[in-house]
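# Descriptive analysis of the structure
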Amino acid sequence: MSYLEEIQVKNLDHLGIVAGLIDEIGIVKIINNKLGIDVREKISAGTVVKSILINGLGFVSRPLYLFSQFFQDKAIEKLLGERIKPDYLNDDKIGRVMDELYKYGLNDIFIEVVLEVIKKFKIDLKYSHLDSTSFHLDGEYKREEDKEKQEEEKIIKERPIFIKKGYSRDHRPDLKQCVLDLITSQDGDIPLFVRVGDGNESDKAVFGKVLVEFKKQIKFDSIMVCDSALYGQENLQLIQHLKWITRVPMTIKKAKELVQNIEVEEVKDEDKEKRSDLNLESYTWKEEIVTYGGIKQTWLIVLSEKRQKSDLEKLEKQLSQEEKKSQKFLKEIQSEEFEHPQAARYKLKAINKKLRLLEIKEVELIENYSKKKEKIYKMISLIIKKDEEISRKTKEAGKFILVTNLVEENKLEASEILITYKNQQSTERGFRFLKDTLFFTDSFFVEKPERIETMLFLMSLCLLIYNLGQRELRNCLKRVKKGINNQVGKVTLRPTLRLIFQCFQGIHYVILNGVKQIFNLTEERRFILSLLPASC
């Protein structure tokens, strides 16, 4: 045997970290306990799930039908187990496991994983954030046109989703889609609850039900944070036993009145430093106690200087654009000949519907005769500003209203309400991760709606693993007060886990004459590993 034949080199890169995080959480054990282990199978369901999660966090955007190829050059014995071979991970096996997961109950499995993470890593659950996004879907689905059954079945349900065209958050209404509702912790953006919904589902219709279902599953005294889709009388009745913070839609009459008439309080000198420390120096506010939907609430009318400047600039731009448009309309209507006065006024009414800040007003209708000696009418008109509408928009600029039902008991400071709502980006960061083309993808095809739900369940587990690893790393760096160089060479205490994954490119598992070694573990890489959970 030649010297070269005695060497085996396999890639490990950052996947050892991913595998370690999965083991630290105990995902393989949880799934094997749920689905059971068949001694006749070469690989357990839990290990198959682990392989899918490693593949997902490999950031290669490799479809499942090429799944086994992903592990061909990887140190699979280190990642999945000594006796595991890549060809065990064929599409039939993966499909069977996905079907078993769905049949058992994706929500039940996810909740058990979440509860283990909360307990083991002491996740702070004071605040939880809810939002939704849509995923594009390709292909045909049998349940698409089953409208009557859709209306009969519950929104929070035990049935496959309906693949429908609906409101697309990615501005692709031409594509079929499904909806993903996600609740994350403010502490580390850890996914706490996921639910896949029908493609044409409305946030307003389901957000209240989602929160109620979440509180049944995870019995913690968390304050729920959501956008204005939650704020409606029906939802408020559903969640009246919960604690919540949301935003008031400006379509509500009371909200319009307050924004128009209330002046926010000027900041006192002694409060300026405190607001600066909280990064709220550009915000002012005023509290009002309001009863809406039969529930007593604190409404916080907030003025953001940055948002006000932006809104006023947009208003000026809109006014300028409408002036150009209205000049064109004015020229058009004054040059047109009408058979009847009513036809001229009908045309004017149609034009004014296209304007928001300006109006073309009739000055005079002149009766005349055409070249054919037929009676005609020509309209003399002028452009006027809608001063009341412009004034209303000027007063509203930069203002929004936050609301909570924590009025007397457990009352929150105004600054805490504002900071907490700003952290609603927690779920948005999760959606950006899930839709990253280097992850899975935001448009995918599998054969059945059940498989779509299972795929999104697995993608959400990837998000949980990624955010947990990032949280642990940042918390450890904060404790040791030592940073890591980012991409531009600056020291940071808040690196992304993707930066760490990049740092670990080029780690190899080498077997030389039967001796197994890991190569390229530099001092910096060893330091990073010391900050991560022990299994890494």
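Everything below is about the structure shown above.
Okay, so let's go over this structure. (Residues numbered from 1 in each chain as written. Predicted model: local features only at pLDDT ≥ 70, side-chain atom pairs only at ≥ 80, totals over all residues. Heavy atoms only, no water.)

### Some words on the packing of aromatic side chains
The geometry of an aromatic ring pair is captured by the separation of the ring centres together with the interplanar angle, meaning the angle of the planes. Considering all chains together, one arrives at eight aromatic pairs under this definition. Ring geometry for F110 and F457: centres 6.3 Å apart, planes at 70°, overall edge-to-face. Linking F110 in helix α7 (residues 106-121) with F457 in helix α18 (residues 449-480), this pair joins segments that are 347 residues apart in sequence. For F110, a relative accessible area of 1% corresponds to the buried category. Seen from their ring centres, Y231 and W299 are 6.3 Å apart, and the 75° between their planes marks the pair as edge-to-face. Highlighted residues: Y231 in the loop between β5 (223-226) and α10 (233-238) and W299 in strand β8 (residues 295-304), separated in sequence by 68 residues. Its relative accessible area of 0% is what places W299 among the buried residues. Each member of the aromatic cluster is reached from another via a ring pair, and the members are Y231, W244, Y292 and W299. The ring of F70 has K74 lying over it, and the distance from NZ or CZ to the ring centre is 4.4 Å. (Phe/Tyr/Trp six-rings, centres within 6.5 Å; stacked < 30°, edge-to-face > 60°. Helix = DSSP H or I, 4+ residues; strand = E, 2+ residues; numbered from the N terminus. Buried < 20%, exposed > 50% of the residue type's maximum accessible area, 1.4 Å probe, protein only. Lys NZ or Arg CZ within 6 Å of the ring centre and 35° of its normal.)

### Focus: the sheet that holds strand β1 (residues 7-11)
Pairing within the open sheet is antiparallel, and its three strands lie in the order β1-β15-β16. Here the strands that pair on one side only, and so sit at the sheet edges, are β1 and β16 (515-519). Between one strand axis and the next, the sheet turns through 20° on average, direction left out of account. The sheet contact formed by β1 and strand β15 (residues 508-512) spans five bridges and is antiparallel. Looking at β15, one finds that V9 is bridged to V510. (Pairing = 2+ DSSP bridges. Axes fitted to C-alpha atoms, helices over the stretch in contact; angles between N-to-C directions.)

### Description of the packing of helix α2 (residues 27-35) against α7
Two numbers describe how α2 lies on α7: the axes approach to 10 Å, and their chain directions differ by 140°. Pair α2 / α7 crosses with right-handed handedness. Of α7, the residues touching α2 (which contributes I27, I30, I31 and K34) are I109, E112, V113 and E116. Residue classes in the contact of α2 with α7 are distributed as five nonpolar, no polar and three charged. (Left-handed = near helix turned anticlockwise from the far one by under 90°. Contact = heavy atoms within 4.5 Å. Nonpolar A, V, L, I, M, F, W, Y, C, P; charged D, E, K, R; others polar.)

### Quick look at the side chain of T492
Structurally, T492 can be placed in strand β14 (residues 491-492). In terms of polar contacts, T492 uses its side chain to reach the backbone amide nitrogen of R494, at 2.9 Å. When near neighbours in sequence (up to four residues on either side) are disregarded, T492 contacts L477, G483, I484 and N486. (Polar contact = N/O pair within 3.5 Å; in protein donor to acceptor, adjacent residues only side chain to side chain.)

### Quick notes on the environment of R275
Counting through the fold element by element, R275 comes out in helix α12 (residues 269-277). Aside from chain neighbours lying at most four places away, what touches R275 is V267, L280, E281, Y283, T284 and W285.

### Some remarks on a nonpolar patch on the surface
A cluster of nonpolar side chains, contributed by V363, I366, I380 and L382, occupies part of the molecular surface with about 290 Å² of accessible area. When residues of the nonpolar patch are traced back to their parent elements, those giving at least two are β9 (358-369) and β10 (375-385). As for its position among the elements, V363 is in strand β9. Looking at V363, the relative accessible area reads 48%, which means it is partly exposed. (Patch = residues over 30% accessible without salt bridge, like charges linked within 9 Å, V, L, I, M, F, W, Y side chains within 5 Å. Areas by Shrake-Rupley, 256 points an atom, 1.4 Å probe, with all protein chains shown as cover. Salt bridge = Lys/Arg side-chain N within 4 Å of Asp/Glu carboxyl O.)

### Here's the deal with the pattern of salt bridges
Summed over the entire model, instances satisfying the criterion amount to 24 salt bridges. The residue E416 makes a salt bridge to K126 at a minimum N-O spacing of 2.8 Å. On the criterion of sequence distance, the pair formed by E416 in helix α16 (residues 414-422) and K126 in the loop between α7 and β2 (127-137) is long-range, its members being 290 residues apart. Residue E416 is classed as partly exposed on the basis of its relative accessible area of 24%. Residue classification places K126 among the partly exposed positions, given a relative accessible area of 38%. Between K296 and E408 there is a salt bridge, and its shortest N-O distance comes to 2.9 Å. On the criterion of sequence distance, the pair formed by K296 in strand β8 and E408 in the loop between β11 (399-404) and α16 is long-range, its members being 112 residues apart. Look at E408 and you get exposed, because its relative accessible area is 59%. Sharing partners across several salt bridges, the network here consists of D187, R471 and E472.

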